[in-house]
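# Structural overview for review
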Amino acid sequence: MSRIGKYLSVAAAATFIGGAAQAATLNLVHQGDDVWGSPALEQDVFVTMKNVRWGVGAGAMQLLDTVSGSAITAFCVDVTRWLTEPPGAYESKASWFSGPVTANVQALFNTAYASVNSAASAAGFQMALWEIVTESANNPLNLSSGAFRVTGTPQAVAHAKNYLAGLSGPVTQRYNLTFLDSMTTDRPGYGQDLIGVAPVPLPASVLLLGGALAGMGALRRRQKNA
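Here is a short report on the structure shown in this document. (Residues numbered from 1 in each chain as written. Predicted model: local features only at pLDDT ≥ 70, side-chain atom pairs only at ≥ 80, totals over all residues. Heavy atoms only, no water.)

### A closer look at the overall build of the chain
Definition in use: Segments assigned H or I by DSSP are reported as helices when at least four residues long, segments assigned E as strands when at least two residues long, and all are numbered from the N terminus. Residue exposure (1.4 Å probe, protein chains only): buried if accessible area is under 20% of the type maximum, exposed if over 50%, otherwise partly exposed. A 1.4 Å probe and the Shrake-Rupley method give the accessible areas. Residues count as covered only by the protein chains that appear here.
Scanning the chain from terminus to terminus reveals 4 helices and 11 strands. Here the chain holds 226 residues, and the buried ones make up 42% of them. On the chain, roughly 11100 Å² of surface is accessible, and the fraction owed to carbon and sulfur atoms is 56%.

### Some points on the sheet that holds strand β6 (residues 61-65)
Operational definition: Only when DSSP finds a minimum of two bridges between them are two strands counted as paired. The axes are straight lines fitted to the C-alpha atoms, using for helices just the contacting stretch, and the angles between their N-to-C directions are given from 0 to 180°. Should any heavy atoms of two residues lie within 4.5 Å, those residues are considered in contact.
Around the barrel, which closes on itself, the 6 strands sit in the order β3-β6-β7-β11-β10-β8 with antiparallel pairing between neighbours. Across the sheet, the mean angle separating the axes of adjacent strands is 45° when strand polarity is ignored. Relative to strand β7 (residues 71-76), β6 is paired through 4 bridges, and the arrangement is antiparallel. When the sheet's bridge partners are listed, Met61 is paired in β7 with Ala74. Here helix α2 (residues 119-134) sits on the sheet in contact with β7 and β11 (194-199), set at roughly 55° to β7.

### Points about α2
For an α-helix, the turn length of 3.6 residues means that residues three or four places apart are oriented alike. Filter applied, for reference: An expected span of 1.5 Å times one less than the residue number is assigned to each helix.
For α2, with 16 residues, the first-to-last C-alpha span of 22 Å sits near the 22 Å given by 1.5 Å per residue. The element α2 is largely enclosed, with a buried count of 15 among its 16 residues.

### Comments concerning the pattern of salt bridges
What counts here: By convention in these notes, a salt bridge is any Lys or Arg side-chain nitrogen within 4 Å of a carboxyl oxygen on Asp or Glu.
Inspection of the entire model under this criterion finds 1 salt bridge. Here Lys93 makes a salt bridge to Asp181, at a shortest N to O gap of 2.9 Å. Highlighted residues: Lys93 in strand β8 (residues 88-93) and Asp181 in strand β10 (residues 175-182), separated in sequence by 88 residues. Relative accessible area serves as the criterion here: at 36%, Lys93 is assigned to the partly exposed category.

### What to know about the environment of Gln126
Mapped onto the secondary structure, Gln126 falls in helix α2. On the basis of relative accessible area, Gln126 is assigned to the buried category, the value being 0%. On a C-alpha basis, the gap between Gln126 and Ala160 in space is 7.7 Å, while along the polypeptide they are 34 residues apart.

### Brief notes about helix α1 (residues 99-112)
The terminal C-alpha atoms of α1 lie 20 Å apart, and with 14 residues this matches the ideal 20 Å at 1.5 Å per residue to within 8%. By the burial criterion, the buried members of α1 are Val101, Val105, Ala107, Leu108, Phe109, Asn110, Thr111 and Ala112. For α1, the secondary structure elements touched by its buried residues are α2, α3 (154-165), β10 and β11.

### Concerning the sheet that holds strand β4 (residues 42-49)
Here 3 strands make up an open sheet; going across it, the order is β5-β4-β9 and the pairing antiparallel. Of all strands in the sheet, those bounded by a partner on one side alone are β5 (52-59) and β9 (148-151). In this sheet, adjacent strand axes meet at a mean angle of 35° when their direction is disregarded. Where β4 and β5 come together, 8 bridges link them in antiparallel fashion.

### Some remarks on the packing of α1 against α2
Formally: Every angle not falling under 35 degrees, over 145, or within 65 to 115 is termed oblique; those three ranges are roughly parallel, roughly antiparallel and roughly perpendicular. The handedness criterion is simple: a crossing whose near helix is rotated anticlockwise from the far helix by less than a right angle is left-handed, and one whose near helix is rotated clockwise is right-handed.
Close contact between α1 and α2 brings their axes to 9 Å; oriented N to C, the two are set at 165°. By the angle between their directions, the pair α1 and α2 is classed as roughly antiparallel. Remark: the crossing between α1 and α2 carries right-handed chirality. Side by side, α1 and α2 meet where Val101, Asn104, Val105, Leu108, Phe109 and Ala112 of the first sit next to Phe125, Ala128, Leu129, Ile132 and Val133 of the second.

### Observations concerning the packing of α2 against α3
Any two packed helices are characterised by the angle at which their axes cross and by the distance between the axes. For the pair α2 and α3, the least separation of the axes is 7 Å and the interaxial angle reads 50°. The angle between α2 and α3 falls in the class oblique. The handedness of the crossing between α2 and α3 is right-handed. Within the contact between the two elements, α2 uses Ala120, Ser121, Ala123, Gly124, Phe125, Met127, Ala128, Glu131 and Ile132 and α3 uses Gln155, Ala156, Val157, His159, Ala160, Tyr163 and Leu164.

Laid out in structure tokens, this is it:
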């Protein structure tokens, strides 16, 4: 796949105020020379959708919103469309997926996103997200069968399978999500939708408690040293 103008990837971290996504218009550009940034958390994989096989890059995009000045790590949810270069105008919205799909997307982030720290894990996370948002409602989430199928490096595929198998597992970190709708309408086949994510902030009472415990620990150390 050409890396100029043709990317399928996953979106994370848009503009969040007070821990909740705010309806807004964004203008997205690259942070660096291309969408992947440096270091690039991306691997090439093959996906089959509607019996068409494509070679694509799967991973975390590093973007910048020129309206707010916010850096955005991004993952894609629109397998059948290309990313405009530069990505351009987006509008943040509530989820346009069904309730069960939205719940699985939230579960994927809450159980797995905190562990995405390499090219293979980022590619696996993207593939798991694509499986959730594109698979037919009555089909199991299985990367080797159904409406959406993938092949790629064994390590990335293994990550994707583990993430899907763990959707009902323990929460590792809670995230606020926002859905970014591409406003590109003048180029057929282009205008890729994204998901934004940011950690749910700790309540003020928890932050105060943490500060108090840290203060008590420092006091005890000083008393021991006295």
